[in-house]
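# Results of the structural survey
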Amino acid sequence: MALSSSLTHAATQCSTSTYSIPKLYHSHSTAFSFQNPHNITSLPAITTSPQIKKWRTNVSFFNRTKDATPIKQELLDAIAPFDRGAEATPEDQEIIDQIARKLEVCNPTKEPLKSSLLNGKWELVYTTSKSILQTQRPKILRSRVNYQAINVDTLRAQNMEGWPFFNQVTANLTPLNARKVAVQFDYFKIAGLIPIKAPGRARGELEITYLDEELRVSRGDLGNLFILKMVDPSYKVPT
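Rules and cut-offs
Numbers given for residues are sequential positions, taken from 1 along each chain in its written order. Local features in this predicted model are restricted to residues whose pLDDT is 70 or higher, and side-chain atom pairs enter the listing and the counts only when it is 80 or higher, whereas totals over whole chains, interfaces and linings include all residues. For side-chain calculations, the full set of non-hydrogen atoms in the structure is used, while hydrogens and water are omitted. In this text, helices come from DSSP runs of H or I with a minimum length of four residues, and strands from runs of E with a minimum of two, each type numbered from the N-terminal end. Whether a residue is buried, partly exposed or exposed follows from its accessible area with a 1.4 Å probe, protein chains only, as a fraction of its type maximum: under 20%, in between, or over 50%, in that order. Each accessible area is a Shrake-Rupley estimate made with a 1.4 Å probe; only the visible protein chains count as cover when residues are assessed. UniProt positions are given in the numbering used here, feature names are shortened, and annotations may be inferred rather than shown by experiment. Polar contact is the term for a pair of N or O atoms within 3.5 Å; when the atoms are in protein, one must be able to donate a hydrogen and the other to accept it, and sequence-neighboring residues count only if both atoms are side-chain atoms. A residue's pLDDT is the predictor's confidence in that residue, given on a scale from 0 to 100. Whether two residues touch is decided by their heavy atoms; if any such pair falls within 4.5 Å, the residues are in contact. Any pair of Phe, Tyr and Trp rings, taking the six-membered ring for Trp, is counted once the centres come within 6.5 Å. Such a pair is stacked with planes under 30 degrees apart, edge-to-face with planes over 60 apart, and tilted for the rest. The rule for a charge over a ring is simple: NZ of Lys or CZ of Arg within 6 Å of the ring centre, and within 35 degrees of the ring normal. Patch criteria: residues need more than 30% relative accessible area and no salt bridge. Like-charged residues are merged within 9 Å; nonpolar side chains of Val, Leu, Ile, Met, Phe, Trp and Tyr are merged within 5 Å. One speaks of a salt bridge when a side-chain nitrogen belonging to Lys or Arg is within 4 Å of a carboxyl oxygen belonging to Asp or Glu. The pairing criterion is simple: DSSP has to find at least two bridges between the two strands.

### Focus on the overall build of the protein
A count of helices and strands for the protein gives 5 helices and 9 strands. The linear arrangement of helices and strands in the protein, starting from the amino end, is α-α-α-α-β-α-β-β-β-β-β-β-β-β. Counting only residues that meet the buried cut, the protein has 50% of its 239 residues in that class. Here the protein displays about 11100 Å² of accessible surface, and carbon together with sulfur accounts for 56% of that area.

### Some points on the UniProt feature "domain: Plastid lipid-associated protein/fibrillin conserved" (unreviewed entry) in the protein
Summarizing the sequence annotation, UniProt attributes the feature "domain: Plastid lipid-associated protein/fibrillin conserved" (unreviewed entry) to residues 71-186 and 196-229 in the numbering used throughout. Taken end to end, residues 196-229 has its terminal C-alpha atoms 29 Å apart, with 0% of it in helix and 65% in strand.

### Considerations on the side chain of R219
Considering the arrangement of structural elements, one finds R219 in strand β8 (residues 215-220). Polar contacts involving the side chain of R219 include one to the side chain of E104, which spans 2.8 Å.

### So, the confidence of the model for the protein
Of all residues in the protein, 72% attain a pLDDT of 70 or more, and the chain-wide mean is 80. Counting contacts from residues 1-12, a segment whose pLDDT is below 50, to residues more than four positions away or on other chains yields 11 contacts. Every residue in residues 15-65 is under pLDDT 50, and counting partners more than four places away or in other chains gives 169 contacts.

### Structural notes on the packing of aromatic side chains
We describe a pair of aromatic rings using the distance from one ring centre to the other and the angle between the two ring planes. The full count for this structure, using the stated rule, is 1 aromatic pair. With a centroid separation of 6.2 Å and 15° between ring planes, the pair formed by F185 and F188 is classed as stacked. One cation-aromatic arrangement involves K121 over Y235; the distance from NZ or CZ to the ring centre is 5.5 Å.

### Focus: a nonpolar patch on the surface
Taken together, the side chains of I140, L141, W163, F165 and F166 make up a nonpolar region of the molecular surface, amounting to roughly 490 Å² of accessible area. Here L141 is to be found in the loop between α5 (130-133) and β2 (146-151).

### Some points on the environment of N177
With respect to the element layout, N177 can be found in the loop between β4 (168-175) and β5 (180-190). For N177, a relative accessible area of 41% translates into the label partly exposed. C-alpha of N177 to C-alpha of P112: the two residues are 65 residues apart in sequence and 9.9 Å apart in space. Of note is the side chain of N177, whose polar atom sits 2.9 Å from the backbone nitrogen of R179. For N177, the side chain forms a polar contact with the main-chain nitrogen of K180, separated by 2.8 Å.

### Structural notes on the pairing of β8
Of all 6 residues in β8, 6 are buried; the element is thus mostly enclosed. Both faces of β8 are covered, namely the face carrying L215, V217 and R219 and the face carrying R216, S218 and G220. As paired strands, strand β7 (residues 203-211) and β8 are joined by 5 bridges and run antiparallel to one another. Across the sheet, Y210 pairs through a bridge with V217, a residue of β8.

### Comments concerning unusual backbone geometry
A cis amide bond, omega 15°, links W163 with the succeeding residue P164. Along the polypeptide, P164 turns up in the loop between β3 (156-161) and β4. Of note in this structure, Q134 is not a glycine but carries a positive phi near 60°. Within the secondary structure, Q134 is located in the loop between α5 and β2. With a phi close to 55°, A191 is a non-glycine residue in the positive phi region. For A191, a relative accessible area of 40% puts it in the partly exposed group.

Below, the structure written as structure tokens:
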């Protein structure tokens, strides 16, 4: 079955669903990112990892459930072996993208920028962004964890990376529609302490394609995929 036909079928199945509960990134020049956007590395050679072989047969566009929970779990299981995406091959990325698209069809929050579910601090658990993953660095010098916080009431966002550098960046958001924002960075903080004003070209766009109490899926204007899990719904972005 063609991808478009499969997604139409999934939309029919998910349109009346009830969903149980179980970091705005790329820009044209800076990437809504936790790291230097100009660090670019080439993609690895296409290989098939053992982990993909174990669950590949579970990837199906003929999902007949009305509940998004099984697809969410399928997505989380698929990304788990790949160190937030740093070890995923292009083939791995394509399979994960297909599962994410199945989940996006079942999005219970059609207007995420009007939803309080977006508020708080999210942990980045998977991305295809090489600048955020810092794959050009030795593994010991890559950030161990990345967070993103959003507050829809103030239209502010903040990206934070953990050890060893603890860099941060804040941004203003301008809604383009009910699920897409333009991102304008204002300040970077080196080691979380030293503020540096961001250049005017530090901007981008982000579309939120799936949102519930636990999980958020977003896509950047450069085509990168971002999957995040909620860690602190009470967190407030500095104004």
